[in-house]
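Summary of structural features
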Protein chains: 2
Amino acid sequence: MYTPKMLNGLLSNYMNQNSFQLAPQELLEPVNYILQLGGKRLRPLLMLMTYNLYKEDVKAALPAAYAYEIFHNFSLVHDDIMDEAAIRRGQTTIHKKYGINTGILSGDVMLIYAYRYLSQITNKGNLSKIVNIFNKTATDVCIGQQYDMNFETEDAITVEEYLKMIEYKTASLIASSMKTGAILAEVDDKDCNHIFEFGRNIGIAFQLQDDILDTFGNAATFGKRIGGDIVQNKKTYLVIKALELANVAQKKQLQELLSTIPEDEATKIKKVTELFNALHIKEIANKKKEEYHVLAMNHLQAVNVSKDKKLYLMELAKSLLKRKY
Amino acid sequence: MYTPKMLNGLLSNYMNQNSFQLAPQELLEPVNYILQLGGKRLRPLLMLMTYNLYKEDVKAALPAAYAYEIFHNFSLVHDDIMDEAAIRRGQTTIHKKYGINTGILSGDVMLIYAYRYLSQITNKGNLSKIVNIFNKTATDVCIGQQYDMNFETEDAITVEEYLKMIEYKTASLIASSMKTGAILAEVDDKDCNHIFEFGRNIGIAFQLQDDILDTFGNAATFGKRIGGDIVQNKKTYLVIKALELANVAQKKQLQELLSTIPEDEATKIKKVTELFNALHIKEIANKKKEEYHVLAMNHLQAVNVSKDKKLYLMELAKSLLKRKY
């Protein structure tokens, strides 16, 4: 069995050997730029770890793993345009660096290349199943992004609606990536389902941690601007929960703060954070995150492989939900 | 054998029965809007006609045909953003009607749905081949768009470079659509290749006609603004050929006209058109178009089916290259 570090090494090698070969330069450069910024490469790693629960020839899962990483990067590039984000992984976003047109087109090429690598799985008998899952999760990610944008101008978002949105936008891809690893390893439907549910619940918990870090993280390690969600009036779990728990005066203040784009962003971030603190939102969000963590662990426990093989996934999940970046 | 009109009817029915089922409305509405604007539906029609050269159960080719039409619409939506086009098929473009973010995201969903329908072909044994061709042509379309954008700010584009660009951007998808029809009909490689080359040459001729219509067409029937290419300083075949044939004074005038975005667009269009007329550019472009038409016909002749079966394709090609819209 491979350690996550070894799997990351195999993935890096594969990605380097399979860097995009594209002319013209105007299209190739932005794609290489975003892929070489690194990131956590969580989705391909989880796919490889899942495959490796059952089988040792992990190279067989590398093309599909790469496909999921390319897709994830495509979605970041297009989302960053829509969200007008200037920084990603501590660096300038593609559309800020190269222009919106380049952002759109290089994203399109990445989406196509995701399918290209997905089609390179060796056992073509699985292709139809793998592509169907990918089509479904790719659509989910777009739906999630649309809900996320809708929420910015909608007032009364419930916690349930929010959790559904992050399930589409974030958890679906993580869950499908892992399920794809299981299918490639020819695992039965019961295990495939538990693997998917582990990924889905970890994905939701992962996004809740992201929400927490966006306000309470450390700028040096987080890689994005602290308070970005607040500036953008994003309806995160923190905001929705705060609006639910606030008294009349706090609610009025929070709604006012989150309905404007002020010149003094730092003050806005400070005031909203103070309100979160007064309402213990960070602790509440951490508790919710832990609930999903427990759900995920229950599904992992039900997966039909020996307990010692599951340790890497357990450790990774734990570290993801305590991460600072 | 089906007439093109009958095939169009089958395609329309299939498209209506398989309209996108998507929530939220903000994502569904723009997709339905562009797909219901109609257009020529040339790529799926050519695929069905190709399949029908060999086989009668044309329904087997409908999912892949729909996939190509969806992809074509995706590329129009994203290109219209990049080209800042306001009108498509005589109607407001998606990004002008719903905003750029909606244009990006609904385009993304369409690209994913193209793969979704492509994956629905009944003979899964062909899936890998069909998807590989689609990946290649989809990448070509993006490369062509990048070259097209590059050309806007480059000075000395040769006719060869221009023809390569339209091969990527337009002809590749037409050729691949037809080849896919042939593969679905289980045709041998030799015929597949002749079909592809027919499509490629017709595709180039088709784009040359598009260039001609953009300047010399009739606004009422064309569906786009007459002179749009001139306003945008697009390096079309007309411009490249005019620069090649112009005397020193004409060249200077044309370069000046095509390096500015003037307030008075009508005068710019008029002056450039006058220069084209003085240099007989329309006639030269028509001649070039006819050369590709002849090449296409030679490949069609070599296709191993009886001559009477090829009549519909011959007629369609002829009407496309004489079209006014």
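Overview of the structure.

Each value, and the rule that gives it
- Residues numbered from 1 in each chain as written.
- Chains lettered and ligands numbered in written order.
- Predicted model: local features only at pLDDT ≥ 70, side-chain atom pairs only at ≥ 80, totals over all residues.
- Heavy atoms only, no water.
- Helix = DSSP H or I, 4+ residues; strand = E, 2+ residues; numbered from the N terminus.
- Rg over C-alpha atoms; globule rule 2.2 N^0.38 Å.
- Buried < 20%, exposed > 50% of the residue type's maximum accessible area, 1.4 Å probe, protein only.
- Areas by Shrake-Rupley, 256 points an atom, 1.4 Å probe, with all protein chains shown as cover.
- Salt bridge = Lys/Arg side-chain N within 4 Å of Asp/Glu carboxyl O.
- Expected span 1.5 Å × (residues − 1).
- Polar contact = N/O pair within 3.5 Å; in protein donor to acceptor, adjacent residues only side chain to side chain.
- Least-squares fit on C-alpha atoms with pLDDT ≥ 70 in both.
- Patch = residues over 30% accessible without salt bridge, like charges linked within 9 Å, V, L, I, M, F, W, Y side chains within 5 Å.
- Lys, Arg positive; Asp, Glu negative; His and termini not counted.
- Charge placed at Lys NZ, Arg CZ, Asp CG, Glu CD.
- Axes fitted to C-alpha atoms, helices over the stretch in contact; angles between N-to-C directions.
- Parallel < 35°, antiparallel > 145°, perpendicular 65-115°, else oblique.
- Left-handed = near helix turned anticlockwise from the far one by under 90°.
- Contact = heavy atoms within 4.5 Å.
- Nonpolar A, V, L, I, M, F, W, Y, C, P; charged D, E, K, R; others polar.
- Phe/Tyr/Trp six-rings, centres within 6.5 Å; stacked < 30°, edge-to-face > 60°.
- Lys NZ or Arg CZ within 6 Å of the ring centre and 35° of its normal.

As for the overall build of chain A
Check the secondary structure of chain A and you find 16 helices and 2 strands. In terms of C-alpha radius of gyration, chain A reaches 20 Å, essentially the compact-globule figure of 20 Å for 325 residues. Counting only C-alpha atoms and orienting by the principal axes, one finds that chain A spans roughly 60 × 50 × 30 Å. By residue count, 60% of the 325 residues in chain A fall in the buried class. Accessible area for chain A stands at about 13,300 Å²; split by element, carbon and sulfur atoms hold 51% of it.

Section: the pattern of salt bridges
Summed over the entire model, instances satisfying the criterion amount to 30 salt bridges over all chains. One salt bridge connects Lys169(B) with Asp79(B), and the closest N-O pair in it is separated by 3.8 Å. One end of the pair, Lys169(B), is in helix α8 (residues 159-184); the other, Asp79(B), is in helix α4 (residues 62-82), with 90 residues separating them in the sequence. A salt bridge links Asp80(B) to Arg88(B); the shortest N-O distance between them is 2.8 Å. In this pair, the class of Asp80(B) matches that of Arg88(B), namely buried. Among the ionic contacts, a cluster of salt bridges with common partners joins Asp79(A), Asp83(A), Asp148(A), Glu152(A), Lys169(A) and Lys234(A).

So, helix α9 (residues 189-216) of chain A
Residues three or four positions apart in an α-helix share a direction because the helix packs 3.6 residues into each turn. All names here are of chain A. Its 28 residues place the ends of α9 40 Å apart at the C-alpha level, agreeing with the 40 Å of an ideal helix rising 1.5 Å per residue. Taken across its 28 residues, α9 has 23 buried, putting it largely inside the fold. Two or three places before Lys-190, at the start of α9, stands the capping residue Asp-188, its side-chain oxygen 3.2 Å from that residue's backbone nitrogen.

Concerning the relation of the copies chain A and chain B
When chain A is fitted to chain B, the best match, at an RMSD of 0.0 Å, comes from turning it 180 degrees and sliding it 0.0 Å along the axis. What the superposition gives is, in effect, a two-fold axis relating one chain to the other.

Considering a negative patch on the surface
Taken together, the side chains of Glu26(A), Glu29(A), Glu154(B), Asp155(B), Glu160(B) and Glu161(B) make up a negatively charged region of the molecular surface. Of all the elements in the fold, those that place two or more residues in the negative patch are α2 (25-36) of chain A together with α8 of chain B. Within the fold, Asp155(B) resides in the loop between α7 (127-153) and α8.

Some words on the packing of helix α6 (residues 100-118) of chain A against helix α7 (residues 127-153) of chain A
Residues and elements named next belong to chain A. Here α6 crosses α7 at 155 degrees, and the two axes come no closer than 10 Å. The pairing of α6 with α7 is recorded here as roughly antiparallel in orientation. When the axes of α6 and α7 are compared, the crossing they make is right-handed. Residues Ala-114, Tyr-115 and Leu-118 of α6 form the contact with α7, whose own contacting residues are Leu-127, Ile-130, Val-131, Phe-134 and Asn-135. Across the contact of α6 with α7, the residue classes break down as 7 nonpolar, 1 polar and no charged.

Some remarks on the packing of aromatic side chains
Summed over the entire model, instances satisfying the criterion amount to 27 aromatic pairs over all chains. Taking 5.9 Å as the distance between ring centres and 80 degrees as the angle between the ring planes, the aromatic pair formed by Tyr33(A) and Tyr98(A) counts as edge-to-face. In this pair, Tyr33(A) is assigned in helix α2 and Tyr98(A) in helix α5 (residues 94-98), connecting sequence segments 65 residues apart. Relative to Phe134(B), the ring of Phe71(B) lies with its centre 5.4 Å away and its plane at 80 degrees, an arrangement referred to as edge-to-face. Of this pair, Phe71(B) sits in helix α4 while Phe134(B) sits in helix α7, placing them 63 residues apart in sequence. An identical accessibility class is assigned to Phe71(B) and Phe134(B); each is buried. Among the aromatic residues, those joined into a cluster by ring pairs are Tyr68(A), Phe71(A), Phe74(A), Tyr115(A), Phe134(A), Tyr68(B), Phe71(B), Phe74(B), Tyr115(B) and Phe134(B). We note Lys179(B) situated over the ring of Phe196(B); from NZ or CZ to the ring centre the distance is 5.6 Å. Above the face of the Phe206(B) ring, Arg323(B) is positioned so that its terminal group lies 3.9 Å from the ring centre.

Geometry only, nothing functional implied.
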